[in-house]
Amino acid sequence: MTDVFKQIGSLSILVESTSRARLDTVALFEDTSSGVMVTKDEKLDADIEVILKKYAVKHANRVKEKAIEQAKRYIRAIGRIMLHALANRQTLPTNALPPFFINCESVPALFVV
Amino acid sequence: MFSDRKVMFRGYDEDYEHDDVLNHIGMLGFSGDILNYAIDSGDWTRETFFAKFIPETVINTRTILLGSLQDGLTVGGKEACPSDEIEKGCGFASALNIPFDAIQHRFFAKPDICVEDLINVIVPQYMVGGE
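A few points on the structure. (Residues numbered from 1 in each chain as written. Chains lettered and ligands numbered in written order. Predicted model: local features only at pLDDT ≥ 70, side-chain atom pairs only at ≥ 80, totals over all residues.)

1. Considerations on the overall build of chain B
A tally of regular secondary structure across chain B gives seven helices and zero strands. When the helices and strands of chain B are listed from N to C terminus, the series reads α-α-α-α-α-α-α. Looking at chain B as a whole, 27% of its 131 residues are labelled buried. If you take every contact in chain B between residues at least 6 apart in sequence, the share linking residues at least 24 apart comes to 56%. (Helix = DSSP H or I, 4+ residues; strand = E, 2+ residues; numbered from the N terminus. Buried ≥ 20, exposed ≤ 12 C-beta atoms within 10 Å, placed from the backbone. Contact = placed C-beta atoms within 7 Å.)

Written out as structure tokens, the structure is:
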């Protein structure tokens, strides 16, 4: 589980044109000092728009909708992984969610020696 | 039971201590003085800062993906808590008013490791395995 969440910060979607040509990737998470956090709506939207303009994509709205839907599915899958972990009595790594989104107390120091 | 373990989001509500909120948004990269800056700007009071500024800035700016994460955690089955109601939290933690720290201690790894923890993990086991 720790290994999964170590890599989660680099999770991104691949934006594809309607002819399924691979264009570019858009990151879905931001790193913070307390863990990974899903990216902002505005940034997700802007990152996709940049790709659409860069490659002068036809049917841009359809491609954008598909990319956002893909992003939502990826993140929903992360939620399911977390749920599965909780249901099976596994603990999640501390960087799985920043404390604000868990709404918990936390200890800022990683190691107290 | 399984259904009781659906969600860890507790919700952004009045039980969330203001000091904790400031501490936690500091970990997200917000300046530690953001409260004072906001009040000095004249646009916010202490009350509106916590009631509106924080949810608008930290939660409602991420509704697409945060909502999807919540959908995944609830298996999309909690009608009372669709993606647009992220602030309210959902699941047993919210319903049963479980303390913040209890959630983290139960579901998340310990954020700090002390010497005693380390020693407990590396206690040698003699005459186990090998010859």
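2. A few points about the overall build of chain A
Each helix and strand in chain A was counted, giving four helices and four strands. Listing every helix and strand of chain A by position from the N terminus yields α-β-β-β-β-α-α-α. The globule rule puts the C-alpha radius of gyration for 113 residues at 13 Å, and the 17 Å found for chain A is more than 25% above it. Summarising its shape, the C-alpha atoms of chain A cover approximately 55 × 25 × 20 Å along the three principal directions. In chain A, which comprises 113 residues, the share counted as buried stands at 35%. Relative to all contacts within chain A whose residues are 6 or more apart in sequence, the contacts with residues 24 or more apart total 53%. (Rg over C-alpha atoms; globule rule 2.2 N^0.38 Å.)

3. Remarks on the environment of T32 of chain A
Positionally, T32 of chain A belongs in strand 3 (residues 29–32). The exposure class of T32 of chain A is partly exposed, given the 18 C-beta atoms found within 10 Å. Considered as a pair, T32 of chain A and P98 of chain A are 66 residues apart in the sequence and their alpha carbons are 7.9 Å apart. Residues within four places of T32 of chain A in sequence aside, it is in contact with M37 and P98 of chain A together with M27, L28 and G29 of chain B.

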